[in-house]
Structures are given as C-alpha cells and as structure tokens.
Amino acid sequence: IVEMFANAIRLMSAGELLQLEQNFAINDDSEQVYFKILTAKTAKLIAASCKAPAILAGAPRPMIEGLGTFGSSLGLAFQLVDDALDYLGMDGVVGKSTLSDFREGKMTYPVLLLRSLANEGELAQMLEGLSQTPITDDSIRFTANLVAKYQTAEKTIELAHKYTDEAISALEVFPESDAKDSLERIAYSLVGRVY
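Residues numbered from 1 in each chain as written. Predicted model: local features only at pLDDT ≥ 70, side-chain atom pairs only at ≥ 80, totals over all residues. Heavy atoms only, no water.

*Asks:* Hey, could you go over helix α2 (residues 30-56) for me, with residue numbers and the actual values?
*Replies:* Count 3.6 residues to each turn of an α-helix, and residues three or four apart come out pointing the same way. Compared with the 39 Å implied by 1.5 Å per residue over 27 residues, the 38 Å span of α2 between its first and last C-alpha is a close match. The largest bend along α2 reaches roughly 40 degrees and is located at T39. Of the residues trailing α2, G58 is marked for its positive phi of about 70 degrees. (Helix = DSSP H or I, 4+ residues; strand = E, 2+ residues; numbered from the N terminus. Expected span 1.5 Å × (residues − 1). Bend = angle between axes of the 7 residues up to and from the residue.)

*Asks:* An account of the packing of aromatic side chains is requested, with residue identities and associated values reported.
*Replies:* Counted under the stated rule, the structure contains three aromatic pairs. Judged by centre distance (5.1 Å) and plane angle (80 degrees), the rings of Y34 and F35 are edge-to-face. Each member of the pair, Y34 as well as F35, carries the same accessibility label: buried. Grouping aromatic residues by their ring pairs yields a cluster made of Y34, F35 and Y109. (Phe/Tyr/Trp six-rings, centres within 6.5 Å; stacked < 30°, edge-to-face > 60°. Buried < 20%, exposed > 50% of the residue type's maximum accessible area, 1.4 Å probe, protein only.)

*Asks:* Kindly report on the side chain of Q19, identifying the contributing residues and their values.
*Replies:* Among the structural elements, Q19 can be located in helix α1 (residues 2-22). For Q19, a relative accessible area of 15% corresponds to the buried category. Sequence-distant contacts of Q19, that is, excluding residues within four places in its chain, are made with I37, K41 and K106. (Contact = heavy atoms within 4.5 Å.)

*Asks:* So what's going on with the pattern of salt bridges? Residues and values would help.
*Replies:* By the definition in use, this model includes 10 salt bridges. Across the pair R61 and E65 runs a salt bridge, and its minimum N-O distance is 2.9 Å. Of this pair, R61 and E65 both sit in helix α3 (residues 61-88), four residues apart, roughly one helical turn. Here E65 falls in the partly exposed class, since its relative accessible area comes to 34%. A salt bridge links K180 to E176; the nearest nitrogen and oxygen atoms lie 3.2 Å apart. (Salt bridge = Lys/Arg side-chain N within 4 Å of Asp/Glu carboxyl O.)

*Asks:* Let's hear about the side chain of T164: which residues, and what values?
*Replies:* Note that T164 resides in helix α10 (residues 152-169). A relative accessible area of 1% places T164 in the buried class. In this structure, T164 is in contact with A77, A187, Y188 and V191, ignoring residues within four places of it in sequence.

*Asks:* Give a description of the environment of Q19 that names residues and reports values.
*Replies:* With 22 residues separating them along the chain, Q19 and K41 place their C-alpha atoms 9.5 Å apart. Of the polar contacts made by the side chain of Q19, one reaches the side chain of K41; its length is 2.7 Å. (Polar contact = N/O pair within 3.5 Å; in protein donor to acceptor, adjacent residues only side chain to side chain.)

*Asks:* Help me get a handle on unusual backbone geometry, residues and values and all.
*Replies:* With omega at -5 degrees, the peptide bond leading from T133 into P134 counts as cis. Among the secondary structure elements, P134 is positioned in the loop between α8 (120-130) and α9 (137-149). With a phi close to 65 degrees, F24 is a non-glycine residue in the positive phi region. Along the chain, F24 falls in the loop between α1 and α2. The phi dihedral of L99 falls on the positive side, at around 65 degrees, and the residue is not glycine. The residue L99 is located in the loop between α4 (91-94) and α5 (100-103) in this model.

Below you can see the structure in the form of structure tokens.
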C-alpha cells in the first residue's frame, strides 16, 4: 500500500509539472497530454484510495483490480465534470471562480474539443487570445462563447458519463450489497453535480 501511494504521489507531481509545461498551449497532441495529466493527477490517486481497503481486507485480486478500475474511471469522470463546470457552473457549486481554468492557461477538454469544431477564424482568434499575457477578459468571453456555441462542455459531460458507466461496470465483481450500492451512488452523484 505504501508503495502504491508513493507511486500515485510521484505521478501526481509529474502530472502537475506536465500541466504547467502545457499551460497556454494547444497543439496536435494536446488531447493525449490532457488525459495523461488527468490520469496522473486524479485517476491514479483515487484508484489507490479505492484499492487500499481491499488490500487490507485480503480481498481476492479481481476485487482489488475492480476497485482500482472503479477509482480510476471515477477520477477521470470527476475531473471531466469539473472542467465542464468551469464553463457551465455557478461559483457556489463549482467551489472556485468559473472560467478560471482558461484564465490560468489550462487547456481543458471543453477548449481542446474546439480544435476540431470551431472554424479557422474562430480558432485563430482564440489562439491569438492565448498568446496575450495576461489573457484578457475579452479573450475569455470569446472562448466561453465558443464553448457554448459548439456545446463542448456538454460533450465533456457526455464523456464523463461514459467513464462513470465504466466505473460502475467495474463493480460487477462484487455481490449485491449496501456497500456496492453506496459506491454506485457516489459515482452517479459526481456526474450529477451539473444538474
């Protein structure tokens, strides 16, 4: 367990550094790097947190791995919803100022999807806004309007639902129980933050 958490913490640190390196950048591999960051910063830690009790309880390997998959998928779903809420949510619900990710130069999934959906002029204007330091309120509003126009925050939530379904499917190795029901409710409540 100590080795597992040490590895998760190492990956979190590497993921944070990678995110800092990627700030204010959108390129051909941005989406791949984004998911690498999510996996390192969130998914691995939640997976380790879910596996640890099963290891302590001496659970069979399939149950330990099932909880690891549950935690990893849940971590990805959580972060995707969090990134969507930066554009859809209210400050009180999100727990931080909305539109703060883009202001800080974090290229989250709702923005990355614009690469394939926005037209050339829109994309050029958005990238021009990213090149300004600091990013202006006009650039932030412009990008937020593109996210709304192409519904990329909603598309991000759809992907979060897919990961939530994967998380719940990973629990099939467990018999029906109150504990299993509780884990499923947790998974559904995370994606339910948007409604």
